[in-house]
Every structure is written in C-alpha cells, then in structure tokens.
Amino acid sequence: MKLGLFGGTFNPVHFGHLRAAQELAELLKLDRIVFIPAATPPHKTPSGIVSFEHRLQMLQLAVAGNDVFSLSDVENRRPGKSYSIDTVRYFRNAGDSGLECFFITGQDAFDAITTWHDWKNLLRLCHFVVMTRPGYENRGLHQILPPDVAGRYVYDAAGDVFQQPHGGSIFFRQTTFLDISSSEVRKRMQQGRSLRYLTPDSVIRYMEANRLYR
Ligand code: ATP
Ligand code: MG
C-alpha cells in the first residue's frame, strides 16, 4: 500500500492542488492520496484562515467522485500546533507493516524543511515527494539540507530518487503547474470577481453560500 499524505492549509483547496495530486498518484503509482488540512499551521498566522470545518467541507466537495482521493481530519483531533511528524506517525500506526507513506509538498515548503518540527526523524519515517515547477531547477539536496544530512543521500538515477540507507527517499517530480494560489482565490472572492475554473464549482457554491472570504 502506497499512501500519499498531502498536507496544507487548503484555505481553500483549488485546482492547482487537485491536478498536482492527480499527476503524482499516477507518476508514483500511489494507491491513495489523503488531503490533510492543518488545524493550526505552524508556519502561518491564523488571521484570514477560515475554520477547520469550512476547509474540510470544501475539501470534501473537491475530492468527491475521485476514488484515489480522500481526506482526514486527524490534525483537528490533536491539541496544539499541527506537526507533520505526528500525522505521519498516526498513519503509520494505523496501517499495516507494508504501508509506505509519501509526504507531498511544494518546492517552497520543502526548501524550509529544516525549520519543521523534528524534521530529521520525519525524513526517516516517510518518503517525500517534492512538486517542482517548470523552470525551477531542482536546487539539489545539498542546498536544502545541512551537509551531514545531505551527505547521507545517494542519488539513484534508475528510479530518479534520492535514497538514504535507513529511512525515507526523496522524489522531485515535475507536475503541471497551474499558477493558482489560495491567496489569489481569497482575493478574488473578496473583490467579488469570478472564481470559475480556479476551483471546483461545488467549492465556489460553498464559499458563496457561507459568505467566506468576504
Ligand atoms: P496560500 O496562497 O494561502 O499560501 P496555497 O495555494 O499555497 O495557499 P497551501 O494550502 O498553502 O495552498 O498549499 C498546500 C500545499 O500545496 C503546499 O505544499 C504547496 O506548496 C502546494 N501548492 C500550492 N499551490 C499549488 C499549485 N498551484 N500547484 C501545486 N501545488 C501547490
Ligand atoms: Mg502556500
């Protein structure tokens, strides 16, 4: 079982997230991708973030009808900041021994990996899939990780993957990059401009019905 874990604020989810996840499922033959909204994102200020419940509802609407996509509210069931390592531990404990977890992030998020809580153990516990943008050259692990950590990884050309002897691998994968951000969606919503084709219609209807981001 190969499980993709896609964490984010998803304030709100948009087609950039959905398309990238779809392509990664195909590229890495993931059996499932779980979208995991952060309850209390450690790296973001809470202002402007709508409630967990709203973000979860919008994700529910967005993933409906896709057999590979699902979502989890696990981060809302833990007190305090939402640390990815706790989430990975949760899924590992819940799954059987054959479970492999692939933590999905954007390049911007992965560039800051050494600021994440307990990041060294996180890199041991699961694989990382870094979605790269066209034109954004993979800067290489040596630019991102401290030398002692980066030095443990060996690049395997056949699998196009960085591997470490005891722990997770790191895959840099280029996905179709739709230049959409949640910030842009929120801004347009506030300005009363159209959101069509930026996020699913069901999500647009939900935002309108609940007067979100006004
Ligand atoms: P914001 O504008 O509020 O920062 P966002 O659009 O970046 O929101 P997040 O919830 O912060 O969305 O992102 C969750 C994850 O999705 C991150 O790993 C981020 O790098 C990635 N991501 C964000 N936008 C895109 C996109 N257009 N295509 C692919 N991945 C994306
Ligand atoms: Mg972002």
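Each remark here, short or long, concerns the structure printed above.
Residues numbered from 1 in each chain as written. Chains lettered and ligands numbered in written order. Predicted model: local features only at pLDDT ≥ 70, side-chain atom pairs only at ≥ 80, totals over all residues. Heavy atoms only, no water.

## Brief notes about the environment of F35
Then comes step 1: Tracing the chain through its elements places F35 in strand β2 (residues 32-37).
Then comes step 2: Residue F35 is classed as buried on the basis of its relative accessible area, which comes to 0%.
Then comes step 3: Taking the C-alpha atoms as reference points, F35 and L56, separated by 21 residues in sequence, lie 9.3 Å from one another.
Then comes step 4: Here F35 is in contact with F6, F10, L18, A21, L59, V63, F69, S70, L71 and S72, once residues within four sequence places are set aside. (Helix = DSSP H or I, 4+ residues; strand = E, 2+ residues; numbered from the N terminus. Buried < 20%, exposed > 50% of the residue type's maximum accessible area, 1.4 Å probe, protein only. Contact = heavy atoms within 4.5 Å.)

## Quick notes on the site of ligand 1
Then comes step 1: Near ligand 1 lie 21 residues; those nearest to it are K44, G106, L178, S182 and S183.
Then comes step 2: Between ligand 1 and S183, the relevant distance is 2.3 Å, taken from an oxygen atom to a side-chain nitrogen or oxygen of the residue.
Then comes step 3: Here ligand 1 loses 85% of its free accessible area of 600 Å² to cover by the protein chains.
Then comes step 4: Counting only elements with at least two residues in the shell around ligand 1, the list comes to β1 (2-8), α1 (15-27), β4 (100-106) and α8 (182-191).
Then comes step 5: Its residues assigned to classes, the shell around ligand 1 shows seven nonpolar, 11 polar and three charged. (Near = heavy atom within 4 Å. Polar contact = N/O pair within 3.5 Å; in protein donor to acceptor, adjacent residues only side chain to side chain. Areas by Shrake-Rupley, 256 points an atom, 1.4 Å probe, with all protein chains shown as cover. Nonpolar A, V, L, I, M, F, W, Y, C, P; charged D, E, K, R; others polar.)

## Remarks on the pairing of strand β8 (residues 170-174)
Then comes step 1: Taken across its five residues, β8 has four buried, putting it largely inside the fold.
Then comes step 2: Where strand β5 (residues 127-132) and β8 come together, five bridges link them in parallel fashion. Pairing of V130 across the sheet is with F172, part of β8. (Pairing = 2+ DSSP bridges.)

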